[in-house]
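A structural walkthrough
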Amino acid sequence: MIQYIKNIWAGLSSTFIGMRITWKHLFVKKVTIQYPDERFKLPEKARNRLYLEMSRCNGCNSCAIACPVNCITVETIRVSPDDPHQEVHYNGKDRKLWVSRYDIDFAKCCYCGLCTAVCPSEAIQHTTEYEYSVYNRESLLYKFQTLTPEQVKEKERLLAEFRAIEKVCHPEGDAKPAEKKVVDKKTE
Ligand code: SF4
Ligand code: SF4
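In what follows, the accompanying structure is described. (Residues numbered from 1 in each chain as written. Chains lettered and ligands numbered in written order. Predicted model: local features only at pLDDT ≥ 70, side-chain atom pairs only at ≥ 80, totals over all residues.)

As for the site of ligand 1
Formally: A molecule or strand has a residue near it when that residue's C-beta atom, placed from backbone coordinates, lies within 6 Å of it. Gly is put with the polar residues, along with every residue not named as nonpolar or charged; the nonpolar set is Ala, Val, Leu, Ile, Met, Phe, Trp, Tyr, Cys and Pro, and the charged set is Asp, Glu, Lys and Arg.
Surveying the vicinity of ligand 1 reveals 14 residues, the closest of which are C67, C109, C112, L114 and C115. For the shell around ligand 1, the class distribution of residues is 13 nonpolar, one polar and no charged.

So, in structure tokens, the structure goes:
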């Protein structure tokens, strides 16, 4: 009988102790919010999902080289002088490379921000977007290129034609060094 009363007392006292803590927290400042209706303000330099502004991207590949997990893939095509659609960059300089492919695999990205740090034109930036869960990994492969497959083929054709003409004019294969360098970059 005594044990029975002791058990009741232990139960009651632990309830009172728990309720005392609960009551205390009713009158202090709240630290939780009603997510997702309410959200904390993100820090200014928060690193969330990336975005590429293609009009600023010159295809230099620096971001892909800097990425520690190889989640960026950049492919480029040299702009043929015969291309009727020449483009001028944000800084007034002519576009030298078409970006035929620009992929970021967010399933691998560790949000280190190195790609944004090395980009010479601030083309790649972190956004404020951090909610983009998906049901399969393939959906995390983001493609930022703006050229359509048909346009890519057309750019390749124009460049091939230009090179063929160059070969006729320079049969010894003395292409300018800058042009040789671009060919190498394409495979980066
Ligand atoms: S944030 Fe880091 S891991 Fe993600 S794409 Fe940029 S360099 Fe790669
Ligand atoms: S570093 Fe910047 S400009 Fe160069 S390829 Fe990457 S996003 Fe484009």
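A closer look at the pairing of strand β2 (residues 72-78)
Basically, it comes down to this: Buried residues are those with 20 or more other C-beta atoms within 10 Å of their own C-beta, exposed residues have 12 or fewer, and partly exposed residues lie in between; C-beta atoms are placed from the backbone. Runs of H or I in DSSP of at least four residues are treated as helices and runs of E of at least two as strands, each being numbered from the N terminus. Only strands that DSSP links by at least two bridges are regarded as paired with each other.
Among the seven residues of β2, six are classified as buried, and the element is accordingly described as predominantly covered. As paired strands, β2 and strand β3 (residues 97-105) are joined by seven bridges and run antiparallel to one another. Considered in β3, the bridge of E75 is made with R101.

Regarding the nonpolar core
Rule in force here: Throughout this description, the term nonpolar core refers to a group of buried Ala, Val, Leu, Ile, Met, Phe, Trp, Tyr and Cys residues whose C-beta atoms join them within 7 Å.
Formed by 21 residues in total, the largest nonpolar core has its most connected members in L52, C63, I72, V99, C115 and I124. The set of elements that each furnish at least two residues to this core consists of β1 (50-52), β2, β3 and α4 (149-169).

What to know about the pairing of β3
Here β3 pairs with strand β5 (residues 141-143) via three bridges, running antiparallel. Bridge pairing in β5 places D103 opposite K143.

Here's the deal with the sheet that holds β3
Stated precisely, the cut-off is as follows: A fitted line through C-alpha atoms serves as each axis, taken over the contacting stretch for helices, and the angle formed by two N-to-C directions is quoted from 0 to 180°. Placing C-beta atoms from the backbone, we regard two residues as in contact once those atoms come within 7 Å.
The three strands are arranged β2-β3-β5 in an open sheet whose pairing can be described as antiparallel. Whereas interior strands pair on both sides, the edge strands pair on one side only; in this sheet they are β2 and β5. This sheet shows a mean twist of 15 degrees between the axes of neighbouring strands, independent of strand direction. Against the sheet, α4 makes contact with β2 and β3, and its axis sits at roughly 45 degrees relative to β2, the strand it touches most.

Some thoughts on α4
The criterion, for reference: Given the number of residues in a helix, its expected span is that number minus one, multiplied by 1.5 Å. In this description, the arc belongs to the directions extending from the helix axis to the C-beta atoms.
The terminal C-alpha atoms of α4 lie 30 Å apart, and with 21 residues this matches the ideal 30 Å at 1.5 Å per residue to within 8%. Within the sequence span of α4, burial applies to K155, L158 and L159. Axial view of α4: buried residues confined to an arc of 95 degrees, hence all on one face. Counted as exposed and oriented over 90 degrees from the buried face of α4: P149, E150, R157, A160, E161, A164, K167 and V168. For α4, the elements touching its buried residues are β2 and β3.

With respect to helix α1 (residues 2-26)
End to end, α1 covers 36 Å across 25 residues, agreeing with the expected 36 Å (1.5 Å per residue, within 8%). Taken across its 25 residues, α1 has zero buried, putting it largely on the surface.

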